[in-house]
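Given next are the chains, with one letter for each unit.
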Amino acid sequence: MAHSLVVKVTAGADDPERCNQGFTVAAAGVASGADVSLWLTGDAAWFGVPGRAEAFALDLATPLADLLAVVLAGGRVTVCTQCAQRRGIVQADLLGGVTIAGAPAFVEEILGEDTQALVY
């Protein structure tokens, strides 16, 4: 059974290094064979919307859109319900494969056996 990795990214373009680090760790988790769940909260919720990850730039870092594509291909991406509502984001606004869910789903994931949760 593969270990599960839940990564919550709370920062957006306002804190680019912390934001990119969370995406990098999630993508590395997928590459290592972990069951990865990436949660986008706060201003990171915008990266579930088409075109937003492509607009993000950080010198010497793998493009955020590439990291997100890795996670979408091999893991799960979720936008926080309240964070989406505060920003006027609805399910129809999101990239294919990105869902909206709330705290109960997050807690269920992080309390799973053999699960490591990280918050950036």
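In this text the structure is predicted, and so the values were computed from the model without any measurement.

**Student:** Outline the nonpolar core, listing residues and values.
**Tutor:** Burial of nonpolar side chains together is a common tendency in soluble globular proteins. Counting residues in hydrophobic clusters, the biggest one holds 34 residues, and the most contacted among them are Phe23, Leu38, Leu40 and Phe47. Mapped by element, the contributors of at least two residues to this core are β1 (4-9), α1 (16-31), β2 (35-40), α3 (64-74), β3 (76-80) and α4 (81-86). Considering every element that reaches this core, the biggest residue donor is α1, with six residues. Apart from residues lying up to four places away in sequence, Leu38 is in contact with Val7, Val9, Phe23, Ala26, Leu68, Val71, Arg76, Val77 and Thr78.

**Student:** Can you explain the sheet that holds β3? Please cite residues and give values.
**Tutor:** Spatially, five strands are ordered β4-β3-β2-β1-β5 in an open sheet, and the strand pairing comes out parallel. In the strand order of this sheet, the two ends are held by β4 (98-101) and β5 (115-119), each with one partner. Each strand of the sheet is rotated relative to its neighbour by a mean of 25 degrees, with strand direction disregarded. The pairing of β3 with β4 spans four bridges and is parallel. The partner of Thr78 across the bridge, within β4, is Thr99. Running over the sheet, α3 touches β2, β3 and β4 and is turned about 110 degrees from β3.

**Student:** Explain the packing of aromatic side chains to me, and be specific about the residues and the numbers.
**Tutor:** Considering all chains together, one arrives at three aromatic pairs under this definition. Summarising the aromatic geometry, the rings of Phe23 and Phe47 are spaced 5.9 Å apart at their centres and angled 90 degrees between planes, so their arrangement reads as edge-to-face. Placement of the pair is Phe23 in helix α1 and Phe47 in the loop between β2 and α2 (52-55), with a sequence separation of 24 residues. Like Phe47, Phe23 is buried. Aromatic rings pair up to connect Phe23, Phe47 and Phe56 into one cluster. One residue, Lys8, lies across the ring of Phe106, its end atom 4.2 Å from the ring centre. A cation sits over an aromatic face here: Arg52 above Trp46, 4.1 Å from the ring centre.

**Student:** So what about α1? Which residues, and what values?
**Tutor:** In this model α1 runs 22 Å from its N-terminal to its C-terminal C-alpha over 16 residues, within 8% of the 22 Å that 1.5 Å per residue would give. Listed in full, the buried residues belonging to α1 are Cys19, Asn20, Gly22, Phe23, Val25, Ala26, Ala27, Gly29 and Val30. Where α1 is buried, its residues contact β1, β2, α3 and β5. Among the residues trailing α1, Gly33 stands out with phi positive, at a value near 95 degrees.

Analysis parameters
Residues numbered from 1 in each chain as written. Predicted model: local features only at pLDDT ≥ 70, side-chain atom pairs only at ≥ 80, totals over all residues. Heavy atoms only, no water. Core = buried A, V, L, I, M, F, W, Y, C linked by side-chain atoms within 4.5 Å. Buried < 20%, exposed > 50% of the residue type's maximum accessible area, 1.4 Å probe, protein only. Helix = DSSP H or I, 4+ residues; strand = E, 2+ residues; numbered from the N terminus. Contact = heavy atoms within 4.5 Å. Pairing = 2+ DSSP bridges. Axes fitted to C-alpha atoms, helices over the stretch in contact; angles between N-to-C directions. Phe/Tyr/Trp six-rings, centres within 6.5 Å; stacked < 30°, edge-to-face > 60°. Lys NZ or Arg CZ within 6 Å of the ring centre and 35° of its normal. Expected span 1.5 Å × (residues − 1).

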